[in-house]
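Chain by chain, the residues:
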Amino acid sequence: MSTESATAATTRYAIAPGTRLNVRSGPGTQYPVVRSLSAGSTVAIYCQCPGTWVTGPYGTTNIWDNIAPGEYASDAYVHTGSDGYVARRCG
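Computed from a predicted structure; not experimentally measured. (Residues numbered from 1 in each chain as written. Predicted model: local features only at pLDDT ≥ 70, side-chain atom pairs only at ≥ 80, totals over all residues. Heavy atoms only, no water.)

Peer 1: Before we move on, can you summarise the side chain of D65 with the specific residues and values?
Peer 2: Here D65 shows up in strand β6 (residues 59-68). Buried charged residue D65 carries no salt bridge. Nearest counter-charge: R89, at 10 Å. There is a polar contact of 2.7 Å between the side chain of D65 and the side chain of Q48. Among residues more than four places away in sequence, those in contact with D65 are I45, C47, Q48, E71, Y72, A73, S74, D75 and V78. (Helix = DSSP H or I, 4+ residues; strand = E, 2+ residues; numbered from the N terminus. Buried < 20%, exposed > 50% of the residue type's maximum accessible area, 1.4 Å probe, protein only. Lys, Arg positive; Asp, Glu negative; His and termini not counted. Salt bridge = Lys/Arg side-chain N within 4 Å of Asp/Glu carboxyl O. Polar contact = N/O pair within 3.5 Å; in protein donor to acceptor, adjacent residues only side chain to side chain. Contact = heavy atoms within 4.5 Å.)

Structural data, given as structure tokens:
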């Protein structure tokens, strides 16, 4: 990851309380799970992109958050305080 990317995502967002969040290799539920985040974790969002629709504690959305190279989490489980995009679009 470049220094520019690392400094661009300084804000961290909490995942939904009591949730173990699956992190996937792409922006959708059809992608393999690469790891899971434990309850109480926070994530930095480097960029966001559309993917499959997911319903979670923070609503129903097709926004997926890129939290590390090759790692995506559904925005329905990340408390950004917004129903829309809070970071630049991936790509």
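From this point, things continue past the structure.
Peer 1: Which residues make up the pairing of β6, and what values do they have?
Peer 2: Summarising burial for β6: 8 of the 10 residues are buried, a large majority. The sheet contact formed by strand β5 (residues 47-56) and β6 spans 7 bridges and is antiparallel. Each residue of the ladder has a partner; that of C49, found in β6, is W64. Counting the residues in the hairpin turn of β5 and β6 gives 2 residues. Bridge analysis of β6 against strand β7 (residues 71-74) gives 4 bridges, and the strand direction is antiparallel. By the bridge assignment, D65 is partnered in β7 with A73. The loop that links β6 with its antiparallel partner β7 comprises 2 residues; one of these, G70, has a positive phi angle of about 70°. (Pairing = 2+ DSSP bridges.)

So, to be careful, I would describe these as geometric facts and stop short of saying anything about function.
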